[in-house]
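Topology and contacts: notes
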Amino acid sequence: MLFVMCNDKITDQFSQPKDDDAVLGDNASVPIGDAVMGGLEGVKRRFASSRVLERIQALQEALNYKAEGIDLAIAALNDEFWDVQVAAYLLLRQQTEPEIAQALSERQYRVKVTSVDAQGQEIARQVQSARIFVEKLGEGVSLALTYIPGGRFSMGSPETEEGRYPFEGPQHLVNIAPFYIGIFPVTQAQWQAVAALPQVNHALFPEPWRRSYLDDADLPVVGVSWYEAVEFCARLTQKTERNYRLLSEAEWEYACRAGTTTPFHFGQTITPLLANYNANRTYALGSKGKCPQQITRVNRFVFANAFGLYDLHGNVWEWCADPWHENYEGAPSDGTVWELGGDTRYRVLRGGAWNLHPKGCRSAYRDKHESDSGRADGLIGFRVAVSLEYSLMFGR
């Protein structure tokens, strides 16, 4: 049985297993798409496979076998492969049994999400759950990521949005495939752990922030060129065999908005209680306020967006994979990196920084910087993404 996992849904494309289906021997490969199940024992054999797609297929079959199958799917929430974990999570979330709800709750982290009006007054607050994945980097350092479901959104800003620039348009619909993303920008501690890994293409300075900032493990790494950020991802990929990379510009905005269409994922404006930016300037009907006037720790603010992400508005700029384009004329609609026709001397920056006026920290705002620079700036960091290898139907 082969299925498609897309936009948080898993769809059946083949017949259900039969109890008398054959069970293959230990050394035999299960043909992708064949219903060779052998009842629950056959499902367990498939789930023990080293092939990720076979494990995922087995999970969908497991739920046909009630309690024992549910136990197998719950165990898969801790599988060594993240894609298997996501498949188990999406399948179980469709079930109603109490033990499933408890198992899912234990493997989620809860985030506070707020919405404000044009004056910065809170108009809604809720607590949401997000699925967390932890990459252990060594020496007690880890990298937390969360799962971003696929979807469709309108990229760019409307012409009526306050502070809008022409390079934020034209607005266009983009389809985004599921992926994983760092909950925070990469920190100094995470940078040092990965910089100590074997080189792939470029050397990495272990402390690129030294010229401007003090050591603090939880501060975002800054002073990093685009090529160095790419090297960071390459080293992580080599270590983990997961496809670490920078986000495409479309993925970044989709992840930032988290389903919102307002200038900020918080709503119509931002305040110093929500983000680190130049609060001597205002947006919409918001008020001025005190600001740290420096980079702050990634875990400083209470509120996340609906996807469970922090520090998307202000604090440090974040590199994206795309070369610079002056506008979105001809931009791809599939969320991939837009290479064609781009100026590769410059790469896209998103999110704004601690010293920037609030209109430069909006979800749609974009800027550029020389690809081989960043060390002199001291304001540029990045966050990482990991491709979801089995978001579409295919085998290896």
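Provided above is the structure to which this section pertains.
To keep things clear, this report deals only with the structure shown in the data block. (Residues numbered from 1 in each chain as written. Predicted model: local features only at pLDDT ≥ 70, side-chain atom pairs only at ≥ 80, totals over all residues. Heavy atoms only, no water.)

**With respect to the overall build of the protein**
Rules: Segments assigned H or I by DSSP are reported as helices when at least four residues long, segments assigned E as strands when at least two residues long, and all are numbered from the N terminus. The cut-offs for exposure are 20% and 50% of the maximum accessible area for each residue type, with area from a 1.4 Å probe on protein chains only; residues under the lower value are buried, those over the upper are exposed, and the others partly exposed. Whether two residues are in contact is decided by their heavy atoms, any of which lying within 4.5 Å being enough. Methods summary: accessible areas were calculated by the Shrake-Rupley approach with a probe of 1.4 Å, and residue burial reflects only the protein chains presented.
If you tally the helices and strands in the protein, you get eight helices and 14 strands. Within the span of the protein, comprising 396 residues, buried residues form 56% of the whole. Counting only contacts in the protein whose residues sit at least 6 apart along the sequence, the fraction spanning at least 24 positions is 69%. Of the roughly 17300 Å² of accessible surface on the protein, a fraction of 49% belongs to carbon and sulfur atoms.

**Some points on the side chain of Ser-157**
Relative to the elements of secondary structure, Ser-157 occurs in the loop between strand 6 (151-155) and strand 7 (172-176). Here Ser-157 falls in the buried class, since its relative accessible area comes to 1%. Beyond its immediate sequence surroundings of up to four residues, Ser-157 is in contact with Arg-164, Glu-168, Gln-171, Arg-362 and Ala-364.

**What about the packing of aromatic side chains?**
One pair of aromatic rings is described through two measures. These are the centre distance and the angle between the planes. Applied cut-off: Only Phe, Tyr and Trp rings are paired, with Trp represented by its six-membered ring, and only when their centres lie within 6.5 Å; those with planes under 30 degrees apart are stacked, over 60 edge-to-face, the remainder tilted. Distance and angle both matter: a charge sits over a ring if NZ of Lys or CZ of Arg is within 6 Å of the ring centre and within 35 degrees of the ring normal.
Per the stated rule, a full pass over the model turns up 17 aromatic pairs. Relative to Phe-232, the ring of Trp-191 has its centre 5.6 Å away and its plane inclined at 10 degrees; by these criteria the two rings are stacked. Note that Trp-191 is positioned in helix 6 (residues 188-195) and Phe-232 in helix 7 (residues 226-240), a separation of 41 residues in sequence. Exposure class is identical for Trp-191 and Phe-232. Each is buried. Through successive ring pairs, a cluster of aromatic residues spans Tyr-165, Phe-167, Trp-317, Trp-324 and Tyr-365. Over the ring of Tyr-346 we find Lys-368; its NZ or CZ atom is 4.7 Å from the centre of that ring.

**Here's the deal with the pattern of salt bridges**
Opposite charge on two side chains allows them to pair when their charged atoms are near. As a reminder, the rule being used: Salt bridges are defined by distance alone: a side-chain nitrogen of Lys or Arg within 4 Å of a carboxyl oxygen of Asp or Glu.
Throughout the structure, instances matching the rule amount to 19 salt bridges. Residue Arg-297 is joined to Asp-216 by a salt bridge in which the shortest nitrogen-to-oxygen separation is 2.9 Å. With a gap of 81 residues between them, Arg-297 in the loop between helix 8 (249-257) and strand 10 (317-324) and Asp-216 in the loop between helix 6 and helix 7 connect regions that are remote in the sequence. Note on Arg-297: relative accessible area 42%, which makes it partly exposed. Residue Glu-249 pairs with Arg-350 through a salt bridge whose shortest N-O separation is 3.1 Å. Placement of the pair is Glu-249 in helix 8 and Arg-350 in strand 11 (residues 343-350), with a sequence separation of 101 residues. Connected through salt bridges with shared partners, the residues Glu-249, Glu-253, Arg-257, Arg-350 and Arg-366 form a single ionic network.

**Thoughts on the pairing of strand 6**
Basically, it comes down to this: Two strands pair under a simple rule: DSSP has to find at least two bridges between them.
On strand 6, burial follows the alternation: Gly-151, Phe-153 and Met-155 on one face are buried, whereas Arg-152 and Ser-154 on the facing-out side are not. Two elements, strand 6 and strand 7, share five bridges in a ladder whose sense is antiparallel. When the sheet's bridge partners are listed, Arg-152 is paired in strand 7 with Asn-175.

**Some thoughts on the side chain of Glu-253**
Formally: By the criterion applied in these results, polar contacts are pairs of N or O atoms within 3.5 Å in which, for protein atoms, one can donate a hydrogen and the other can accept it, and in which residues neighboring in sequence qualify only through two side-chain atoms.
For Glu-253, the position within the fold is in helix 8. There is a polar contact of 2.9 Å between the side chain of Glu-253 and the backbone nitrogen of Gly-156. Beyond its immediate chain neighbours, meaning those up to four positions away, Glu-253 contacts Phe-153, Ser-154, Met-155, Gly-156, Tyr-328, Arg-350, Ser-363 and Ala-364.

**Re unusual backbone geometry**
Between Gly-169 and Pro-170 the backbone carries a cis peptide bond, its omega angle lying at 0 degrees. Within the chain, Lys-66 stands out as a residue other than glycine whose phi angle is a positive 55 degrees. Tracing the sequence through the fold places Lys-66 in helix 3 (residues 66-75). On the accessibility criterion, Lys-66 (62% relative accessible area) is exposed. Positive phi outside glycine occurs at Asn-315, with the angle close to 70 degrees. Look at Asn-315 and you get buried, because its relative accessible area is 1%.

**A word on the sheet that holds strand 10**
With mixed pairing, four strands are arranged side by side in an open sheet as 12-11-10-13. Edge strands, defined here as strands with exactly one partner in the open sheet, are strand 12 (366-370) and strand 13 (380-381). As paired strands, strand 10 and strand 13 are joined by two bridges and run parallel to one another. Pairing of Glu-318 across the sheet is with Gly-381, part of strand 13.

**Some words on the environment of Leu-379**
Checked against the element boundaries, Leu-379 lands in the loop between strand 12 and strand 13. For the pair Leu-379 and Trp-354, spaced 25 residues apart in the sequence, the C-alpha separation amounts to 8.2 Å.

**A short note on the environment of Ala-103**
Within the secondary structure layout, Ala-103 lies in helix 5 (residues 98-106). Ala-103 sits 32 residues away from Asp-71 along the chain, and the two C-alpha atoms are 10.0 Å apart. Ignoring sequence-local partners within four residues, the contact set of Ala-103 consists of Ile-74 and Leu-77.

**Brief notes about helix 4 (residues 82-92)**
Quick reminder: α-helices carry 3.6 residues per turn. Residues three or four places apart thus point the same way. With respect to burial, helix 4 is a largely interior element, eleven of its eleven residues being buried. Looking only at helix 4, the buried set comprises Trp-82, Asp-83, Val-84, Gln-85, Val-86, Ala-87, Ala-88, Tyr-89, Leu-90, Leu-91 and Leu-92.

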